[in-house]
Amino acid sequence: MDGNLKYPVLLVHGMGFRDGGRLCYWGRIPAKLEENGCRVYYGGQDSNGTIETNGEFLAEKIKRIVEETGTPKLNVIAHSKGGLDIRYAVSTLGMSRYVASLTTISTPHHGSRTVDQLLKLPDFMVRAAAGCSDIWLRLCGDRHPNAYEVFRSFTTKAAEEFNRRNPDAPEVYYQSYAFVMKHVWSDLFLLVPGFVVKCVEGANDGLLTPRAAEWTNFRGIITGNSGRGISHCDEVDMRRRKFTRKQGNGISDIVDFYVGVVRELREKGF
């Protein structure tokens, strides 16, 4: 029992980075959650594995946590592609009996129309880019990187098929959030992809639009109190600092958003 939170929290990261270590994917968020009475665990799956291989890894991780701690269930908070990885584990691999709630943060549930267009490029170019990514990520610790298949899983057609095969488990409480930047230059790290996505689809967080991220119990679009909005990197505290000192109805620090998510889960009895 974690304070008033009934079940521990499992954080499931997205693509391109890994959990844990000095450069933890989640920045200050885990420590803040622990300060607020949560026991926190990490997914630890490959940063660029397929949904299926990562889902299998997460299923084993969940079973191991349950066996080692004695907790009957977990509250899962997943960012970006991590939301698809865990949905596969829950719906296809039977982990719904161990998951009380699943909160997805900017997960491409409905795929990306921008990826649809990019994959019209010659296949050899896509495979070359994916191959370079796989080499780097294997050096960084990935066991089974497969960027080519990951890219293809983000198309709207692949997302539609994935959703058909992985419906929500009735015993799990789902909720989803989307974020947007207020300008394409709000996050220079995501300037190019954010500009491309804006031209193809509209407002986005540097990678994904709210249309892509909207799923069961959609909680809305979060922009924050700053003049720049919130980017895909900001969502997991990449900069390790507040967005702004300005106060208002929105959030000024991403850690406060996660504390709020956990508070609401606690109020729902999770």
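Once a new chain begins, its residue numbering starts again from 1 and follows that chain's sequence as written. With pLDDT at 70 or above as the cut-off, local features in this predicted model cover only qualifying residues; side-chain atom pairs require 80 or more to be listed or tallied, and sums for whole chains, interfaces and linings still use all residues. To get the side-chain values, all heavy atoms of the structure are used, and hydrogens and water are removed first.

### Quick word on the overall build of the protein
Consideration 1: When its secondary structure is counted, the protein shows ten helices and six strands.
Consideration 2: The C-alpha atoms of the protein give a radius of gyration of 18 Å, which matches the 18 Å a tight globule of 270 residues would have.
Consideration 3: With the C-alpha coordinates aligned to their principal axes, the bounding extent of the protein is approximately 55 × 45 × 35 Å.
Consideration 4: Think of it in three bands: residues with accessible area under 20% of the maximum for their type are buried, residues over 50% are exposed, and the middle band is partly exposed, with areas taken using a 1.4 Å probe on protein chains only. In the protein, which comprises 270 residues, the proportion classed as buried is 54%.
Consideration 5: When contacts within the protein are restricted to residue pairs at least 6 apart in sequence, long-range pairs at least 24 apart make up 77% of them. Secondary structure elements are defined from DSSP: runs of H or I of at least 4 residues count as helices, runs of E of at least 2 residues count as strands, and each element is numbered from the N terminus. To get the radius of gyration, use the C-alpha atoms; to get the globule rule, take the number of residues to the power 0.38 and multiply by 2.2 Å. Residue contacts follow a heavy-atom distance rule, with two residues in contact if any of their heavy atoms lie within 4.5 Å.

### Some words on the sheet that holds strand β2 (residues 40-42)
Consideration 1: Here, a strand pair is defined by DSSP locating no fewer than two bridges between the strands. Across the sheet, six strands lie side by side as β2-β1-β3-β4-β5-β6; this open sheet has parallel pairing. The strands lining the two open edges of the sheet, one partner per strand, are β2 and β6 (218-222). Pairwise comparison of adjacent strand axes, ignoring direction, gives a mean angle of 20° for this sheet.
Consideration 2: Strand direction decides the pairing type here: strand β3 (residues 74-79) and strand β4 (residues 99-105), joined by six bridges, are parallel. The residue of β4 that forms the bridge with Ile77 is Thr103.
Consideration 3: To get an axis, fit a line to the C-alpha atoms, keeping to the stretch in contact for a helix; angles then go from 0 to 180 degrees between the N-to-C directions. The strands that helix α3 (residues 82-91) touches are β1 (9-12), β3, β4 and β5 (173-179); relative to β3, the one it contacts most, it runs at about 145°.

### Re the pairing of β4
Consideration 1: Most of β4 sits out of view: seven of its seven residues are buried.
Consideration 2: Orienting the strands away from the viewer, one traces the path from the first strand over the helix to the second; a clockwise path indicates a right-handed crossover. Crossover connection from β3 via α3 to parallel β4: handedness right-handed.
Consideration 3: Across five bridges, the pairing between β4 and β5 is parallel. Bridged to Ile105 within β5 is Tyr177.

### Comments concerning α3
Consideration 1: Burial analysis of α3 places nine of its ten residues in the buried class, which makes it a mostly covered element.
Consideration 2: Listed in full, the buried residues belonging to α3 are Gly82, Gly83, Leu84, Asp85, Ile86, Arg87, Tyr88, Ala89 and Val90.
Consideration 3: Those residues of α3 that are buried lie in contact with β1, α2 (51-69), β3, β4, α7 (156-165) and β5.

### Digging into the environment of Phe57
Consideration 1: Residue position: Phe57 is located in helix α2.
Consideration 2: Separated by 117 residues in sequence, Phe57 and Tyr174 have C-alpha atoms that sit 21 Å apart.
Consideration 3: Beyond its immediate stretch of four places on either side in the chain, Phe57 contacts Gly43, Gly44, Gln45 and Arg143.

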